[in-house]
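Here are the chains, one letter per residue:
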Amino acid sequence: MNSLFRFLQRNSAFLTWLILAVVSIVMLCQGNPYHRSIWMGSANRVSGSVFQSVNAFTSYFGLREANEALLRRMGDMEAENQRLRAMLVQYEDLHNPSIDTIPQYHFEIAHVVGNSIAQAENYITLDKGSLDSVKVNLGVADHNGVVGIVAAVSEHYSLVISLLNPKLRISVKLKNSDSFGSLVWDGESYEYAILSDLPRSVQFTAGDTVVTSGYSGSFPKGLPVGIITETLEREDDNFLVFRVKLFTDFNNLNSVFVIHNDRQDEIQKLENQ
Amino acid sequence: MTYVYSFFWLIISLLLQVLVFNRLSIWGGVALVYIYVLAKFPVDMNRSLQVIVGFLTGLVVDIFCNTPGMHALAAATAMWLRIPILRMFVDAQDFNMGVPGIQRPGLAVFSKYILALFLFHILLLYLIEAFSLFQPGVLFTKITVSLILTYVISLSLEVFQRN
């Protein structure tokens, strides 16, 4: 018994390390971001408010660029609006009753309080939580394009899996085609991601726009993602693999939209049947 | 008193780490200032306690970075091996130095000690990270950049403190 105590005393530092190492490894192995405790991440009350108070100052940087990008996007949307209005007029002439569509998606503004681009798995913290009806699986985008998907929410904050995280895979397609593939980050640069699983038959040219497919329900169809910059050769010959330059500037994220899909519950219920 | 001083600087370094240095990455590598403050904890501190301090420091960084366990494991291990690493450079009779630094054991030995400790910590940290995403080129760049940044900032702080 005495020698056991002496052994423990002599090796107490090692034993402490061993216990804490096991605790750390258990934490490391909880790979699924949806299953993690909200307290172990930046969206908990303490770290959320620390980030938020600092962000109150730093969010002023880069406003000029953000403003210009917004104006550019507004111009594009105005043009699109004009085109659609013209089409609507033609359509109404053909079929008399006016079209009454209920929008499926609505957008709520949130602010980025925490963000990283340098880690192997990057996350974003937003200043809106369950009290603002943010839920897990909602899509997040900014005025340039797709940002990520909500993984966990606390009352006042939410944790978003960034597109710069290999655990996020989103369903996308080329703007001028209906075949879809999936987009995932390869960890090399915060400006690029990899588009794979597109069938070989798809017609494409470098510079083609990549948009969301709308199949996941987190994002509406046609939300901009990026442009194709090069074709990559992979062993699997049946599918095309591209490098995509992302529209979203992850190094300078300030205000984003949380995308609420008003039919998400209905779709979920149907799929679970 | 030394302990109050050490913990005060630990908290300052943690705030700087999560609010400033984590945002200033160069090719994915960041300066890890908290390991410098950990390296300067008194050498006669209870070793189990050192391991616990390392673990908790890492855990705070992990919570802000959404990397549960990564910094905690690396920092706890670095703190456990800190004394053996220091022993490689300092003779047994000179070991009673209190807080290691530029006065004792001197700049030459201290700079070797922190280089070895930082290299160990940063290697371990990014190897753990590589389990979730392995890119040899990115891994090498991150380790190199992070080590250089951390080392230069730490040595500047050390020399600046004396003046």
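Relevant structure appears above.
Rules of the game
Residue positions are given per chain, counted from 1 along the sequence in the order it is written. Chain letters start at A and ligand numbers start at 1, both assigned in the order the entries are written. The predicted origin of the model limits local features to residues at a pLDDT of at least 70 and limits the giving and counting of side-chain atom pairs to 80 or more, whereas totals for whole chains, interfaces and linings rest on all residues. As a convention, hydrogens and water are excluded, and side-chain values are obtained from all of the structure's heavy atoms. Every helix listed is a DSSP run of H or I at least four residues long, and every strand listed is a run of E at least two residues long, numbered separately from the N terminus. We call a residue buried when its accessible area falls under 20% of the maximum for its residue type, exposed when it is over 50%, and partly exposed in between, using a 1.4 Å probe and counting protein chains only. Contacts are residue-level and defined by heavy atoms, with any inter-residue pair within 4.5 Å sufficient. Only C-alpha atoms enter the radius of gyration; for comparison, a globular chain is expected to reach 2.2 Å times N to the power 0.38, where N is the number of residues. With residues, only the protein chains shown are counted as cover, and all accessible areas are computed by Shrake-Rupley using a 1.4 Å probe. His is not counted, nor are the chain ends, whereas Lys and Arg count as positive and Asp and Glu as negative. Here the site of a charge means atom NZ of a Lys, CZ of an Arg, CG of an Asp or CD of a Glu. Any two of the Phe, Tyr and Trp rings considered here, Trp counted by its six-membered ring, make a pair once their centres fall within 6.5 Å; the pair's planes then place it as stacked at under 30 degrees, edge-to-face at over 60, or tilted in between. To sit over a ring, a charge needs its Lys NZ or Arg CZ within 6 Å of the ring centre and within 35 degrees of the ring normal. Strands qualify as paired when DSSP identifies two bridges or more between them. Think of each axis as a best-fit line through the C-alpha atoms, taken over the contacting stretch in the case of a helix, with angles from 0 to 180 degrees between the N-to-C directions. By nonpolar core is meant a set of buried Ala, Val, Leu, Ile, Met, Phe, Trp, Tyr and Cys residues that side-chain atoms within 4.5 Å join together. Once two parts are put together, the accessible area they lose, assessed with a 1.4 Å probe and summed over both, is termed the buried area. For this document, the term salt bridge refers to a Lys or Arg side-chain nitrogen within 4 Å of an Asp or Glu carboxyl oxygen. Polar contacts here mean pairs of N or O atoms no more than 3.5 Å apart (in protein, one a potential hydrogen donor and the other a potential acceptor; neighbouring residues in sequence count only if both atoms are side-chain atoms). Under the scheme applied, nonpolar residues are Ala, Val, Leu, Ile, Met, Phe, Trp, Tyr, Cys and Pro; charged residues are Asp, Glu, Lys and Arg; polar residues are all the others, including Gly.

Caption draft 1: Just the overall build of chain A, in detail. Looking only at helices and strands, chain A has 5 helices and 12 strands in total. With respect to the three principal axes, the spread of C-alpha positions in chain A is 95 × 45 × 45 Å. Sorting the 273 residues of chain A into buried and exposed places 42% on the buried side. A fraction of 61% describes how many contacts in chain A between residues 6 or more apart in sequence connect residues 24 or more apart.

Caption draft 2: Examining the overall build of chain B more closely. When helices and strands are counted, chain B shows 7 helices and 0 strands. Sequence-ordered secondary structure for chain B, helices as α and strands as β, is α-α-α-α-α-α-α. For 163 residues, the compact-globule estimate of 2.2 N^0.38 gives 15 Å, and the C-alpha radius of gyration of chain B, at 15 Å, lies within 12% of that figure. Looking at chain B as a whole, 56% of its 163 residues are labelled buried. At a minimum sequence separation of 6, the contacts of chain B that also span at least 24 residues come to 72%. Surface exposure of chain B reaches about 7300 Å², of which carbon and sulfur atoms provide 73%. Counting 9 positive and 6 negative side-chain charges, chain B places the averaged centre of each group 3 Å from the other.

Caption draft 3: Region of the structure containing the packing of aromatic side chains. Tallied over the entire structure, the rule returns 11 aromatic pairs over all chains. Considering the side-chain rings of Phe51(A) and Phe64(B), the 5.2 Å spacing of their centres and the 90° angle between planes classify their relative orientation as edge-to-face. You can see Phe51(A) sitting in helix H3 (residues 45–58) and its partner Phe64(B) sitting in helix H3 (residues 47–65), one on each of two chains. Residue class for Phe64(B) comes out buried when judged on its relative accessible area of 14%. When the centroid spacing of 5.3 Å and the interplanar angle of 85° are considered together, the rings of Phe7(B) and Phe41(B) count as edge-to-face. With Phe7(B) in helix H1 (residues 2–19) and Phe41(B) in the loop between helix H2 (33–39) and H3, this pair connects stretches of sequence that are 34 residues apart. Since its relative accessible area comes to 34%, Phe7(B) is described here as partly exposed. Each residue in the set Phe14(A), Trp17(A) and Trp80(B) is aromatic and connected to the rest through ring pairs, giving one cluster. Across from the ring centre of Tyr192(A), 5.7 Å away, lies the NZ or CZ of Lys245(A), which sits over that ring. Above the face of the Phe95(B) ring, Arg87(B) is positioned so that its terminal group lies 4.5 Å from the ring centre.

Caption draft 4: Region of the structure containing the environment of Phe239(A). All names here are of chain A. Mapped onto the elements of the fold, phenylalanine 239 is located in strand E11 (residues 239–246). Separated by 205 residues in the primary sequence, phenylalanine 239 and tyrosine 34 place their C-alpha atoms 30 Å from one another. Leave out the neighbours within four places in its chain, and phenylalanine 239 touches Asp197, Leu198, Pro199 and Arg200.

Caption draft 5: How the structure looks around unusual backbone geometry. Put simply, Arg104(B) and Pro105(B) share a cis peptide bond, and its omega is 5°. Looking at where Pro105(B) falls in the secondary structure, it is placed in the loop between helix H5 (82–89) and helix H6 (107–130). A positive phi is found at Ser133(A), a non-glycine position, where the angle reads about 55°. With respect to the element layout, Ser133(A) can be found in the loop between strand E2 (123–126) and strand E3 (139–141). Positive phi, close to 60°, is recorded for Asn66(B), a residue that is not glycine. Looking at the element boundaries, Asn66(B) is found in the loop between H3 and helix H4 (70–80).

Caption draft 6: Expanded view of the sheet that holds strand E4 (residues 146–153) of chain A. Residues and elements named next belong to chain A. Strand order in this closed barrel of 6 strands is E1-E2-E5-E4-E3-E12, and the pairing throughout is antiparallel. The sheet shows a mean angle of 45° between the axes of neighbouring strands, taken without regard to direction. For E3 and strand E12 (residues 255–261), the ladder comprises 3 bridges, and the chain directions are antiparallel. Note on E12: the bridge partner recorded for valine 140 is valine 258. The strands that H3 touches are strand E1 (105–115) and E2; relative to E1, the one it contacts most, it runs at about 90°.

Caption draft 7: Local environment of the nonpolar core. Of all hydrophobic cores here, the largest spans 54 residues; its most connected members are Tyr34(B), Leu38(B), Phe41(B), Tyr113(B) and Phe118(B). Residue assignment for this core shows that the elements contributing at least two residues are helix H2 (12–29) of chain A together with H1, H2, H3, H4, H5, H6 and helix H7 (136–162) of chain B. Looking at this core, the element that brings in the most residues is H6(B), giving 11 residues. Residues Ile117(A), Val134(A), Ala141(A) and Ile170(A) belong to the second largest nonpolar core, which totals 51 residues.

Caption draft 8: Structural detail: the interface of chain A and chain B. Of the residues lining the interface, 36 residues belong to chain A; the matching set on chain B comes to 32 residues. Both sides together, the interface formed by chain A and chain B hides about 3000 Å², and carbon and sulfur atoms give 68% of it. When the buried surface of chain A facing chain B is broken down by residue, Trp17(A), Leu20(A) and Ala118(A) rank first, second and third, together holding 18% of it. Summed over the shared surface of chain A and chain B, the number is 0 salt bridges. Summed over the shared surface of chain A and chain B, the result is 10 residue pairs in polar contact (both at pLDDT 80 or more). For the side of chain A that touches chain B, the secondary structure elements donating two or more residues are H2 and H3 of chain A. If you tally residues by element for the side of chain A that touches chain B, the top one is H2(A), at 12 residues. Across the side of chain A that touches chain B, the residue classes break down as 22 nonpolar, 10 polar and 4 charged.

Take it as geometry only, folks, not as evidence of what the structure does.
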